[in-house]
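For reference, the chains in residue letters:
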Amino acid sequence: MGSVVISQVFNGHKDLTVDQGLMVTEYFALGKLETDYFLLLIGFNRAANYKLKEYYAEELKSLKTRALDLREYLKKNTELDDKAKQRFYSDWSYSAIRLTCCIESINTPDEISKHLNLDPVAVKEKLQFLLNNGLVTENGGKLDLGTSTTFLDKKDPLINTHRKNWRLKAMDKFSQENDLFLVAPMCLSKDLKKKLHTKLLKAFNEVLEEVPHADAEELICVNIDLFSVD
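Remember, predicted model here, so these are calculated numbers, not experimental data. (Residues numbered from 1 in each chain as written. Predicted model: local features only at pLDDT ≥ 70, side-chain atom pairs only at ≥ 80, totals over all residues. Heavy atoms only, no water.)

Glancing now at helix 9 (residues 159–171). Over its 13 residues, helix 9 extends 19 Å from the first C-alpha to the last, a length consistent with the 18 Å expected when each residue adds 1.5 Å. Those residues of helix 9 that are buried are in contact with helix 6 (92–100). (Helix = DSSP H or I, 4+ residues; strand = E, 2+ residues; numbered from the N terminus. Expected span 1.5 Å × (residues − 1). Contact = heavy atoms within 4.5 Å.)

See below:
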């Protein structure tokens, strides 16, 4: 793509072609959703027929909605049956015990109990539940994650229980100096709120992409609250 063409595009005298747009997305290593959105924008700008512009406008609106859905950023989740879901999401410790199994230095129920400061008998009982449901595996005495992730749809009635459990756990840690507890009430535009929402999800996704390639050393919890106060 020549410098003259680029200058004309930046000055608003010319639109990129779809081919050129795809090259731009590859250069900046955009993700699938970002690439789709950028190419739709090009189609919208180049469309001469109002019906075609309406089509692109609807597609752009649909992609915006998808971009704000956390499921777009997570890999295929583990589907537990309803009874198992009720139990797993009833207490933060089920998730904590499961995730602790991926830490290399922790291999036994007693080590999990000591690390999480939980009752050893309760840990063994909950660990058996996790093993029975394929959420944890045991090979040669080594405990490990059975599946990559669990996920609740935002419309699932259990989601609020899950959120409350971990936020209550976070409250126990408020005095920790080395952790981050960010509270930032602010006034901003609706467009900037959406931008912040998207950037937070993108940053979270970038970390998730690195998780399988890094040795697990610590169990953490990320709580992000972004909501309208009214």
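The rest of the description comes next.
Now for empty space enclosed by the protein. Scanning all chains against the criterion turns up one cavity of 30 Å³ or more. Here the largest cavity is characterised by a volume of approximately 30 Å³. Phe 88, Tyr 89, Asp 91, Trp 92, Ser 95, His 162, Asn 165 and Trp 166 together form the lining of the largest cavity. Among the elements that make up the lining of the largest cavity, the one with the highest residue count is helix 9 (three residues). Classifying every residue of the lining of the largest cavity gives four nonpolar, three polar and one charged. (1 Å grid on protein atoms, 1.4 Å probe; cavity = no way out; pocket = protein on both sides within 12 Å on 5 of 7 lines; lining within 4 Å. Points joined across faces, edges and corners; volume = space filled by probe spheres on them. Nonpolar A, V, L, I, M, F, W, Y, C, P; charged D, E, K, R; others polar.)

It is worth spelling out the pattern of salt bridges at this point. Counted according to the given criterion, the structure contains four salt bridges. Close ionic contact of Lys 202 with Glu 34 constitutes a salt bridge, the shortest N to O distance being 3.0 Å. On the criterion of sequence distance, the pair formed by Lys 202 in helix 10 (residues 190–210) and Glu 34 in helix 3 (residues 32–46) is long-range, its members being 168 residues apart. What makes Lys 202 partly exposed here is its relative accessible area of 36%. (Salt bridge = Lys/Arg side-chain N within 4 Å of Asp/Glu carboxyl O. Buried < 20%, exposed > 50% of the residue type's maximum accessible area, 1.4 Å probe, protein only.)

It is worth spelling out the nonpolar core at this point. With 24 residues, the main nonpolar core has Phe 88, Ile 97, Ile 112, Leu 127 and Leu 130 as its most contacted residues. Secondary-structure elements contributing two or more residues to this core are helix 5 (82–88), helix 6, helix 7 (109–116), helix 8 (120–132) and helix 9. Apart from residues lying up to four places away in sequence, Phe 88 is in contact with Leu 80, Tyr 94, Ser 95, Arg 98, Phe 129, Leu 130, Leu 135 and Thr 150. One finds Ala 47, Tyr 56, Leu 60 and Leu 63 within the second-largest nonpolar core, a separate group that totals six residues. (Core = buried A, V, L, I, M, F, W, Y, C linked by side-chain atoms within 4.5 Å.)

Despite not being glycine, Asn 117 shows a phi value in the positive range, around 60 degrees. Looking at the element boundaries, Asn 117 is found in the loop between helix 7 and helix 8. Among the residues examined, Asn 117 registers a relative accessible area of 69% and is labelled exposed.

Space inside the second largest pocket adds up to approximately 1,800 Å³. Forming the walls of the second largest pocket are 41 residues, and the residues nearest its centre are Leu 180, Phe 181, Leu 182, Asn 223 and Ile 224. Listed by contribution, the elements that provide at least two residues to the lining of the second largest pocket are helix 7, helix 9 and helix 10. The dominant element in the lining of the second largest pocket, judged by the number of residues it contributes, is helix 9, at five residues. Classifying every residue of the lining of the second largest pocket by side-chain character gives 24 nonpolar, seven polar and 10 charged.

Pairing of strand 1 (residues 136–139) with strand 2 (residues 142–145), which is carried by four bridges, proceeds in the antiparallel orientation. Bridging across to strand 2, Val 136 finds its partner in Leu 145. Joining the antiparallel neighbours strand 1 and strand 2 is a turn of two residues, in which Gly 140 adopts a positive phi near 60 degrees. (Pairing = 2+ DSSP bridges.)

With that settled, the discussion passes to helix 6. An α-helical turn contains 3.6 residues, so any two residues separated by three or four positions project in the same direction. Burial within helix 6 is extensive, with eight of its nine residues counted as buried. Within helix 6, the full set of buried residues consists of Trp 92, Ser 93, Tyr 94, Ser 95, Ala 96, Ile 97, Arg 98 and Thr 100. Looking at the buried positions of helix 6, the neighbouring elements they touch are helix 5, helix 7, helix 8, strand 1, strand 2 and helix 9.

A separate point is the packing of aromatic side chains. When we look at a pair of aromatic rings, we describe it by the centre distance and by the angle of the planes. Scanning the entire structure with this criterion turns up five aromatic pairs. A centroid spacing of 5.5 Å and a plane angle of 65 degrees characterise the contact between Tyr 55 and Tyr 56, whose relative ring orientation is edge-to-face. Measuring from ring centre to ring centre gives 5.0 Å for Phe 174 and Phe 181, while their planes differ by 75 degrees; the resulting arrangement is edge-to-face. Since its relative accessible area comes to 52%, Phe 174 is described here as exposed. The residue whose ring lies beneath Lys 53 is Phe 44, and the NZ or CZ to ring-centre distance is 4.3 Å. Here Lys 126 stacks its cationic end above the ring of Tyr 94, 5.1 Å away from the centre of that ring. (Phe/Tyr/Trp six-rings, centres within 6.5 Å; stacked < 30°, edge-to-face > 60°. Lys NZ or Arg CZ within 6 Å of the ring centre and 35° of its normal.)

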